[in-house]
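Understanding the architecture of this molecule
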Amino acid sequence: EADIYQTPRYLVIGTGKKITLECSQTMGHDKMYWYQQDPGMELHLIHYSYGVNSTEKGDLSSESTVSRIRTEHFPLTLESARPSHTSQYLCASSANGDRERAFFGQGTRLTVV
Amino acid sequence: GNSVTQMEGPVTLSEEAFLTINCTYTATGYPSLFWYVQYPGEGLQLLLKATKADDKGSNKGFEATYRKETTSFHLEKGSVQVSDSAVYFCALSDSTGGFKTIFGAGTRLFVKA
């Protein structure tokens, strides 16, 4: 049902490498989010955006950065990956208004070795 | 600030058993409430939602009623199936939180045949 896509689905990468996780949505949503999901399942908001050129830090501190140059695109970048960054990363989007549900991508499972 | 508390899992049931997963919330405004489900290896999908007090959300045999007096949104299903095995997240969104979606910690459900 969702028109929100994340790539890659799985990524294994060496320590110190720079990586970008891609997230795109075709629904024209203004709001987009990145969540980090730990092995215990809990979701932690690490970044969000209310629209083009808007980015905010979430509730969980993260060494990653994001950008929002186009409405449909919300990439997340790690300049230097470390084993502590190993996790599942979920991207989501929603339309404006508090009645709107969030749509999720399938997630990227990142392993840093 | 806004928060969501769910019962801890895992919850293990036999097929056709009755399911209840408790969820309570704290919000300064009048939030919308959601239940999302996550199947293994996937992102989250909306299961049901309710946008005001006494609303009942329902989908696929699952139900939850928005109880403002007890600040609760418990998920119920009369007869679970093996295919219902997943992680269930309670969530809220409201204007005082900037319309960010706040998730509970998730409850893992195992259904045995």
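Since this is a predicted model, take the numbers as computed values, not measurements.

Some points on the interface of chain A and chain B
Contacts between the two partners involve 24 residues from chain A and, on the opposite side, 27 residues from chain B. Taking both sides of the interface into account, the surface hidden between chain A and chain B amounts to around 2,100 Å²; carbon and sulfur atoms contribute 50%. Our enumeration of links across chain A and chain B arrives at zero salt bridges. Elements supplying a minimum of two residues to the side of chain A that touches chain B: strand 4 (31-37), strand 5 (43-51) and strand 9 (87-94) of chain A. Across the side of chain A that touches chain B, the residue classes break down as ten nonpolar, six polar and eight charged.

A word on the state of the cysteines
Residue and element names in this part refer to chain A. Within the structure shown, the criterion is met by two disulfides over all chains. The disulfide bridge from Cys23 ends at Cys91, spanning 1.9 Å between sulfur atoms. The S-S bond linking Cys23 to Cys91 shows a torsion near -75°; that makes this disulfide left-handed. One end of the pair, Cys23, is in strand 3 (residues 19-25); the other, Cys91, is in strand 9, with 68 residues separating them in the sequence.

Points about the packing of aromatic side chains
Within this structure, the stated rule accounts for eleven aromatic pairs over all chains. Note on Tyr35 of chain A and Phe103 of chain B: the rings are 5.3 Å apart at their centroids and 90° apart in plane angle, and the pair reads as edge-to-face. Of this pair, Tyr35 of chain A sits in strand 4 while Phe103 of chain B sits in strand 11 (residues 101-103), placing the two residues on different chains. Comparing Tyr35 of chain A with Phe103 of chain B, the two get one shared label, buried. Ring centres of Phe104 of chain A and Tyr36 of chain B lie 5.8 Å apart, and the angle between their planes is 75°; on these two criteria the pair is classed as edge-to-face. Taken together, the positions of Phe104 of chain A in strand 10 (residues 103-104) and Tyr36 of chain B in strand 5 (residues 32-38) put the pair across two chains. Take Phe104 of chain A and Tyr36 of chain B: they sit in the same class, and that class is buried. Through a chain of ring-to-ring contacts, three or more aromatic side chains come together here, namely Tyr33, Tyr35 and Phe104 of chain A together with Phe34, Tyr36, Phe89 and Phe103 of chain B. The ring of Phe74 of chain A carries the charged tip of Arg68 of chain A above its face, separated from the ring centre by 5.8 Å. The residue whose ring lies beneath Arg101 of chain A is Phe103 of chain A, and the NZ or CZ to ring-centre distance is 3.7 Å.

Notes on the pattern of salt bridges
Tallied over the full model, the rule gives six salt bridges over all chains. Of the charged contacts in the structure, one is a salt bridge between Glu72 of chain A and Arg70 of chain A, with a shortest N-O distance of 3.0 Å.

Looking at the sheet that holds strand 7 (residues 56-59) of chain B
All names here are of chain B. Within the open sheet, the four strands sit side by side as 3-9-8-7. Their pairing is antiparallel. Looking at strand neighbours, the two that pair on one side only are strand 3 (19-21) and strand 7, the edges of this open sheet. Ignoring strand direction, the axes of neighbouring strands in this sheet form an average angle of 15°. The pairing of strand 7 with strand 8 (residues 62-65) spans four bridges and is antiparallel. Looking at the pairing, Asn59 lines up with Phe62 of strand 8.

Focus: the sheet that holds strand 3 of chain A
Residue and element names in this part refer to chain A. As summarised here, the arrangement of the four strands in space is 1-3-8-7, forming an open sheet in which the pairing is antiparallel. At either margin of the open sheet sits one strand with a lone partner, and together these are strand 1 (4-7) and strand 7 (65-66). With three bridges joining them, strand 3 and strand 8 (residues 76-78) adopt antiparallel strand pairing. Bridging from a neighbouring strand, Leu21 pairs with Leu76 of strand 8.

What counts, and at which threshold
- Residues numbered from 1 in each chain as written.
- Chains lettered and ligands numbered in written order.
- Predicted model: local features only at pLDDT ≥ 70, side-chain atom pairs only at ≥ 80, totals over all residues.
- Heavy atoms only, no water.
- Contact = heavy atoms within 4.5 Å.
- Buried area = accessible area lost by both parts, 1.4 Å probe.
- Salt bridge = Lys/Arg side-chain N within 4 Å of Asp/Glu carboxyl O.
- Helix = DSSP H or I, 4+ residues; strand = E, 2+ residues; numbered from the N terminus.
- Nonpolar A, V, L, I, M, F, W, Y, C, P; charged D, E, K, R; others polar.
- Disulfide = S-S within 2.5 Å.
- Phe/Tyr/Trp six-rings, centres within 6.5 Å; stacked < 30°, edge-to-face > 60°.
- Buried < 20%, exposed > 50% of the residue type's maximum accessible area, 1.4 Å probe, protein only.
- Lys NZ or Arg CZ within 6 Å of the ring centre and 35° of its normal.
- Pairing = 2+ DSSP bridges.
- Axes fitted to C-alpha atoms, helices over the stretch in contact; angles between N-to-C directions.

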